[in-house]
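The residues making up each chain are set out below.
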Amino acid sequence: MTPPPDPGSNPATANVRAPGADTAHAARPAQAVATPTSPGTLPSQPPPHPDPADAPPLPPTRGPFAPPPYGTGVPGNAWDQLDGMVAAEPPLVSVVVVHYDQPGDLARTLRALARQTYPRLEVIVVDDGSPTPPRIDGQVDAEAAARPGVVPEGIQLVLLPDRGFRAAAARNAGAARASGEVLCFLDADTAPEPEYVERLTRLPALLPEAVTVGRRLHAAFHAVQADPAAGDIAGGQDATTTTEPSGPSPATAHPDAAADAAHPELTATAHPDLESDTVHTDPATEPPVEVLGPRHGLPEPAWLRDAYAGSRNLLDADQRSYRFMIGAALCCSRWFFAQTGGFDERFDRYGGEDWEWAHRAWTSGAAFAHIPDAIAWHNGPDLAGRALDRADLVRRKNAEALALLDRIGVPGTRLRGLGTAAPDIVADLTAAPAADRTSTAAVAVCADVLLAALPLARVVVDDAHAAALAGDPRISGRTDSTALLDAARVVIRIPRPLTVPRRARSEFASQLQDAVDAVGNGTLGWVRLTPDPAEPPSTLAGGAGTTEILVAAMRAERRRAWRPDAHGFTAETAPAPLLTLPPEPDLEAHLSGWAD
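Residue numbers restart at each chain and count upward from 1, following the sequence in its written direction. Totals for whole chains, interfaces and linings use all residues, but because this is a predicted model, local features are given only for residues with pLDDT of at least 70 and pairs of side-chain atoms are given and counted only at 80 or more. In computing side-chain properties, one takes all heavy atoms of the structure into account and sets aside hydrogens as well as water.

### Here's the deal with the pattern of salt bridges
Stated precisely, the cut-off is as follows: Any carboxyl oxygen of Asp or Glu that lies within 4 Å of a side-chain nitrogen of Lys or Arg is treated as forming a salt bridge with it. Secondary structure elements are defined from DSSP: runs of H or I of at least 4 residues count as helices, runs of E of at least 2 residues count as strands, and each element is numbered from the N terminus. Relative accessibility under 20% of the residue-type maximum defines a buried residue, over 50% an exposed one, and the middle range a partly exposed one, all with a 1.4 Å probe and only protein chains included.
Under the criterion given, the structure shown has 21 salt bridges. In this structure, the salt-bridge partner of Asp105 is Arg108, at a minimum N-O distance of 2.8 Å. Residue Asp105 and its partner Arg108 are located together in helix α1 (residues 103-114), separated by three residues, close to a single helical turn. Among the ionic pairs, Arg108 bridges to Glu286, the shortest N-O distance being 2.8 Å. With Arg108 in helix α1 and Glu286 in the loop between α6 (257-262) and α7 (289-295), this pair connects stretches of sequence that are 178 residues apart. The two residues Arg108 and Glu286 agree in class, both being buried. In this structure, a network of salt bridges that share partners links the residues Asp105, Arg108 and Glu286.

Structure representation (structure tokens):
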């Protein structure tokens, strides 16, 4: 294994850091390196996650709790409190570039990364199974020599087998090999202007829970005429490459292959924007992207531009702002990425994996920010601007929406009446004291009142009660509740079973729904509903002690776990028509309405 090259030895990579130069993460697994003395040979290295050839991808799980490595936090999403500040020491930034069969676009993006104003970069290119993947200069075996492009020295190259559109798995593979404290995710067809990394990473370098998204503009780079034979991306040697074990590649690796063959204009939706590279440009002679982009600019998507303007660049973000986080231009700290569990590798078709991750990031405590002057130019229009057959476009967008149904449960993403596997609101009734002496009847009454108010919620009860109430799929036992509570946006905690007088249930439902909608937005983290002393007694009630309802945003709970004294969220208290149930209430009275 040869020593890492000097990243300043090549003008094309003057700002790119060689892998291994940072000693802060010396325990990171050794990377496989191809050198001229061992052409085409790679030491074996296990993949960073289970390979889909051996087992289906598992749902992501949040990483083990770890306190933030730096920063003091901000109230709610108020990242504007950090305006004008920069990190005292610029952290190492790892840029993960996902590529599929776009050598010209990759060349442009790597050239653009070499011109970044940010001083400390590590670049990792992850090839998602291209028919002819990029190669390392100096790798002189016959197979490598036939490849159309090479990556510059000092850049890691990770080769994944072709098993369909796996942007999620590719980004995870790049992040697993990153040494930087901050991660930037780019697509190969999205070339950044020189200040992009510096501007996009400023907030995550100060606030580790910040997730920033750049301004992705669009240009018709494929219209630039150049020499189609220009194949190499750059020169150099001793770059780092890792090949994931391929195994047999199924015939259905790209599920839409047949449709794409019948409709070549739709190829972009199997691996987006393949048409953008139909005319190869010569990256050595074309103007820089900040000149070329405006010269060949396409309309900016109005829906995204208006969303950023209407939310003050996401300063007013809420639980549905995940829709404005674009995977081709995302940035976060490596610590926070681990806290979220990374991208969901079950996504194997175009679209949705970035929104799902962004939703999970929000519920994990992220602060969302759009950085309008961090500009990256995407080659070609966005999906809505492409010349697609309308019916097939709708089919593909429907497939994306259906893929998200069981992963994001917030209103506006889930259907209004149909249930979903994605829990949005979870009521936890397992905190009741002396749970073994609380009857199933009391739990049934309490759960009935809650689900009448919030029909799409899930309720967690002790296992014995769950077995007795197994007819309702919204009821789960304590043993099976970990994943539910982990995935919820809002958790409702009730220390003692309660009821609400029938005459007040409509008012209670509105009050509870308002609390669920409010927490997690702005700086409001918790709403506590306590019994109204003016509420007259009920024959069904009469339990010892008092009860209450605590409506908690999980993003606030996780922030409080990181920073108990500086989480930045507030709590409100309001009276509600709550009555404590006795250990054995009259269930028939509840069913028939006699209690009221």
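### A word on the sheet that holds strand β17 (residues 524-531)
Under the convention used in this document: Whether two strands pair depends on DSSP finding at least two bridges between them. Think of each axis as a best-fit line through the C-alpha atoms, taken over the contacting stretch in the case of a helix, with angles from 0 to 180 degrees between the N-to-C directions.
Strand order in the open sheet made by the seven strands is β14-β13-β12-β15-β18-β17-β19, with mixed pairing throughout. Two strands in the sheet have a free side with no partner beyond their single neighbour: β14 (475-477) and β19 (570-576). Adjacent strand axes in the sheet meet at a mean angle of 20°, parallel and antiparallel pairs treated alike. Two strands pair when backbone bridges link them, and β17 and β19 are joined in this way by seven bridges, in the parallel orientation.

### Concerning the packing of aromatic side chains
Going by this rule: Stacked, tilted and edge-to-face are the three classes assigned to paired rings of Phe, Tyr and Trp, where Trp is represented by its six-membered ring and a pair needs centres within 6.5 Å; plane angles under 30 degrees give stacked, over 60 edge-to-face, the rest tilted. The rule for a charge over a ring is simple: NZ of Lys or CZ of Arg within 6 Å of the ring centre, and within 35 degrees of the ring normal.
Evaluated as defined, the whole model comprises eleven aromatic pairs. Measuring from ring centre to ring centre gives 6.4 Å for Trp303 and Phe324, while their planes differ by 45°; the resulting arrangement is tilted. Note that Trp303 is positioned in helix α8 (residues 302-310) and Phe324 in the loop between α8 and β10 (329-333), a separation of 21 residues in sequence. Ring geometry for Trp362 versus Phe368: centroids 5.1 Å apart, planes at 50°, classification tilted. Phe368 sits in the buried class, given a relative accessible area of 0%. Put simply, the rings of Phe185, Phe337, Phe343 and Trp357 pair up and form one aromatic cluster. Sitting above the plane of the Phe347 ring, Arg407 keeps its charged end 4.4 Å from the centroid. Its end group placed over the ring of Trp362, Arg555 keeps NZ or CZ at 3.6 Å from the ring centre.

### Description of helix α11 (residues 390-405)
Keep this limit in mind: Helices are assigned an expected span. That span is 1.5 Å times one less than the residue count.
For α11, which comprises 16 residues, the first-to-last C-alpha distance of 22 Å matches the rise-based estimate of 22 Å (1.5 Å per residue) to within 8%. Of all the positions in α11, only Asp392, Leu393, Arg396, Glu400, Leu404 and Leu405 are classed as buried.

### Quick look at the pairing of strand β11 (residues 367-379)
β11 sits mainly inside the fold: eleven of its 13 residues count as buried. Pairing between strand β7 (residues 190-192) and β11: three bridges, direction antiparallel. Bridging across to β11, Ala191 finds its partner in Trp377.

### What about the environment of Tyr70?
Quick note on the threshold: Residue contacts are counted whenever heavy atoms from the two residues lie within 4.5 Å of one another. Whenever two N or O atoms come within 3.5 Å, that pair is a polar contact, provided that in protein one can donate a hydrogen and the other can accept it, and provided that, for residues adjacent in sequence, both atoms are side-chain atoms.
The residue Tyr70 is located in the segment before β1 (93-99) in this model. In contact with Tyr70, other than residues within four places in its own chain, are Glu181, Val182, Pro204, Ala205, Leu206, Leu207, Pro208, Ser333 and Arg563. Within the structure, the side chain of Tyr70 is placed 2.5 Å from the backbone oxygen of Pro204, a separation counted as a polar contact.

### Structural notes on the state of the cysteines
Quick note on the threshold: What counts as a disulfide here is a pair of cysteine sulfur atoms lying within 2.5 Å.
Applying the stated criterion across every chain yields a total of zero disulfides. The thiol sulfur of Cys331 is not disulfide-bonded, and the nearest other cysteine sulfur, from Cys184, lies at 3.7 Å. Considering cysteine sulfurs only, Cys331 is the nearest to Cys332, which forms no disulfide, with 6.6 Å between them. When its relative accessible area of 1% is taken as the criterion, Cys332 is described as buried.

### Considering the layout of surface pockets
The condition that has to hold: Within this scheme a cavity is a closed region of a 1 Å grid, computed over the protein atoms alone, that accommodates a 1.4 Å probe without allowing it to escape, whereas a pocket is open but has protein on both sides within 12 Å along at least five of seven lines; lining residues each have an atom within 4 Å of a point. Grid points are joined across faces, edges and corners, and a volume is the space filled by probe spheres set on the points. Gly falls in the polar group here, along with every residue not listed as nonpolar (Ala, Val, Leu, Ile, Met, Phe, Trp, Tyr, Cys, Pro) or charged (Asp, Glu, Lys, Arg).
Roughly 500 Å³ of volume is contained in the second largest pocket. If you list the elements that add at least two residues to the lining of the second largest pocket, you get α10 (353-363) and α14 (482-487). At five residues, α14 tops the list of elements feeding residues into the lining of the second largest pocket. Class assignment of the residues belonging to the lining of the second largest pocket gives a composition of nine nonpolar, six polar and eight charged.

### Observations concerning the confidence of the model for the protein
Definition in use: Per residue, pLDDT captures the predictor's confidence, and it can take any value from 0 to 100.
Here the protein averages 78 in pLDDT, and 73% of its residues register 70 or above. Scored below 50 in pLDDT, residues 1-53 shows 114 contacts in the model against residues more than four places distant or in partner chains. This stretch, residues 244-281, has a pLDDT under 50; its non-local contacts, to residues over four places away or in other chains, come to 96 contacts.

### Notes on unusual backbone geometry
For Asp101, which is not a glycine, the phi torsion comes out positive at approximately 55°. Mapping Asp101 onto the fold places it in the loop between β1 and α1. Located in the positive-phi region is Leu314, a residue other than glycine, with phi close to 75°. In this fold, Leu314 is placed in the loop between α8 and β10. You can call Leu314 buried: its relative accessible area is 0%.

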